[in-house]
Amino acid sequence: MKKNIIISEGNRSLWQLLIAATCYTMAILFFYQFFSKVDLFAPSKKVKSAVSVLEVALFLLVGGIGFSMVRDIHFDFKKGCYKEVFGVGPFKFGKWKAFKALKYVAVFKNNKGEFEVNLWYDHNKHFNIMLFANGDEAMKDAKTFAKQLGIKLYDARVANKGKWIEDVRE
């Protein structure tokens, strides 16, 4: 039976959270400086200076989000849909989208020498669901995943020598 699955990036590392916290703190300080000192009727030089402060605050805010955002993918196989969930701290957002049909799970070696496990659906769309340094570990988890979903597994760990693994489905 197909169960619901959540694939998560996990938590950000401590150094990334520290950079994010620094960016957020500085952004708040620059927003405060902008809103406490802005005078739209001042000479144009002062307005340009205030707008520059606002630009820095927005840049820092985006940097903080970049260093703290995590992505999860939720699958509901009974309803035939998935949701990419983006979260920053306790705030999460995402929208359910339907997929027509799951096709297969594939394992291949990317150009960085890592082994990717992808879930293919709706003709040519896919999710990168796992990343491994070891090809055998990637195949082991991919087999488990394909078996649970009842779909085929494609082994493309060696370039141009891909093959279908038949004994996966129940």
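Preceding this section is the structure that the text describes.
Residues numbered from 1 in each chain as written. Predicted model: local features only at pLDDT ≥ 70, side-chain atom pairs only at ≥ 80, totals over all residues. Heavy atoms only, no water.

**Describing the overall build of the protein chain**
What counts is decided by this rule: Here a helix means four or more residues in a row that DSSP labels H or I, a strand means two or more in a row labelled E, and each is numbered from the N terminus. For the exposure calls, accessible area comes from a 1.4 Å probe over protein chains only, and a residue counts as buried if that area is under 20% of its type's maximum, exposed if over 50%, partly exposed in between. We call two residues in contact when some of their heavy atoms are within 4.5 Å. Residue exposure ignores everything except the shown protein chains as possible cover, and the areas themselves are Shrake-Rupley values with a 1.4 Å probe.
When helices and strands are tallied, the protein chain shows three helices and ten strands. Its C-alpha atoms give the protein chain principal-axis dimensions of roughly 75 × 35 × 25 Å. Out of the 170 residues in the protein chain, the part that is buried amounts to 34%. At a minimum sequence separation of 6, the contacts of the protein chain that also span at least 24 residues come to 42%. In the structure as shown, the protein chain presents an accessible area of about 11600 Å², 59% of it carried by carbon and sulfur atoms.

**Regarding a nonpolar patch on the surface**
The test is simple: A patch is a set of surface residues, each over 30% in relative accessible area and not in a salt bridge, joined within 9 Å for like charges and within 5 Å for the nonpolar side chains Val, Leu, Ile, Met, Phe, Trp and Tyr. A side-chain nitrogen of Lys or Arg and a carboxyl oxygen of Asp or Glu constitute a salt bridge if their distance falls within 4 Å.
Together, Leu58, Leu61 and Ile65 line one region of the surface with nonpolar side chains, adding up to about 200 Å² of accessible area. With respect to the helices and strands, Ile65 occurs in helix H2 (residues 44–68). Taking the relative accessible area as the measure of exposure, Ile65 reaches 30% and is therefore partly exposed.

**Re the environment of Phe86**
Relative to the helices and strands, Phe86 resides in strand S3 (residues 81–88). Owing to a relative accessible area of 27%, Phe86 belongs among the partly exposed residues under this scheme. Each C-alpha atom, one on Phe86 and one on Asp155, is 30 Å from the other, the two residues being 69 residues apart in sequence. In this structure, Phe86 is in contact with Met69, Val70, Arg71, Phe91, Lys92 and Phe93, ignoring residues within four places of it in sequence.

**Concerning a positive patch on the surface**
Stated formally: His is not counted, nor are the chain ends; Lys and Arg add positive charge and Asp and Glu add negative charge. By convention, charge coordinates are those of NZ in Lys, CZ in Arg, CG in Asp, or CD in Glu.
Positive charge collects at one region of the surface, where Lys95, Lys97, Lys100 and Lys125 lie side by side. Structurally, Lys97 can be placed in strand S5 (residues 96–98). Taking relative accessible area as the criterion, Lys97 reaches 42% and is therefore assigned partly exposed.

**Focus on the packing of aromatic side chains**
The test is simple: Between the rings of Phe, Tyr and Trp (Trp by its six-membered ring), a pair exists once the centres lie within 6.5 Å; its type follows the angle of the planes, with under 30 degrees stacked, over 60 edge-to-face, and the other angles tilted.
One pass over the structure, following the stated rule, counts twelve aromatic pairs. Between Trp15 and Phe67 the ring centres are 6.2 Å apart and the planes differ by 70°, which places this aromatic pair in the edge-to-face class. Residue Trp15 is located in helix H1 (residues 14–37), and its partner Phe67 is located in helix H2; the two are separated by 52 residues in the primary sequence. The class of Phe67 is partly exposed, set by a relative accessible area of 29%.

**A short note on H2**
Cut-off, in case you're wondering: To estimate how far a helix should reach, multiply one less than its number of residues by 1.5 Å.
Over its 25 residues, H2 runs 36 Å from end to end, which matches the ideal 36 Å to within 8%, given 1.5 Å per residue. All of the buried residues along H2 are Ala50, Val53, Ala57, Leu60, Gly64 and Ser68. Buried residues belonging to H2 abut H1, strand S2 (69–76) and S3.

**Topic: unusual backbone geometry**
Residues other than glycine seldom take positive phi values, yet Asp122 does so here, at roughly 45°. Residue class for Asp122 comes out buried when judged on its relative accessible area of 11%. Despite not being glycine, His123 shows a phi value in the positive range, around 70°. Examined against the element boundaries, His123 turns out to sit in the loop between strand S7 (115–121) and strand S8 (125–132). Exposure remark for His123: the relative accessible area of 69% places this residue in the exposed category.

**With respect to the nonpolar core**
Quick reminder of the rule: Only buried Ala, Val, Leu, Ile, Met, Phe, Trp, Tyr and Cys residues count toward a nonpolar core, and they belong to the same one when joined by side-chain atoms within 4.5 Å.
Among the nonpolar cores identified, the biggest contains 26 residues, and Phe75, Val105 and Leu119 are the most heavily contacted of them. For this core, the elements supplying multiple residues, two or more each, are strand S1 (5–8), S2, strand S6 (102–109), S7, S8 and helix H3 (135–149). The element best represented in this core is H3, accounting for six residues. In this view, Val105 contacts Val117, Asn118, Leu119, Ala142, Phe145, Ala146, Ile151, Lys152, Leu153 and Tyr154; residues no more than four positions away in its chain are not counted.

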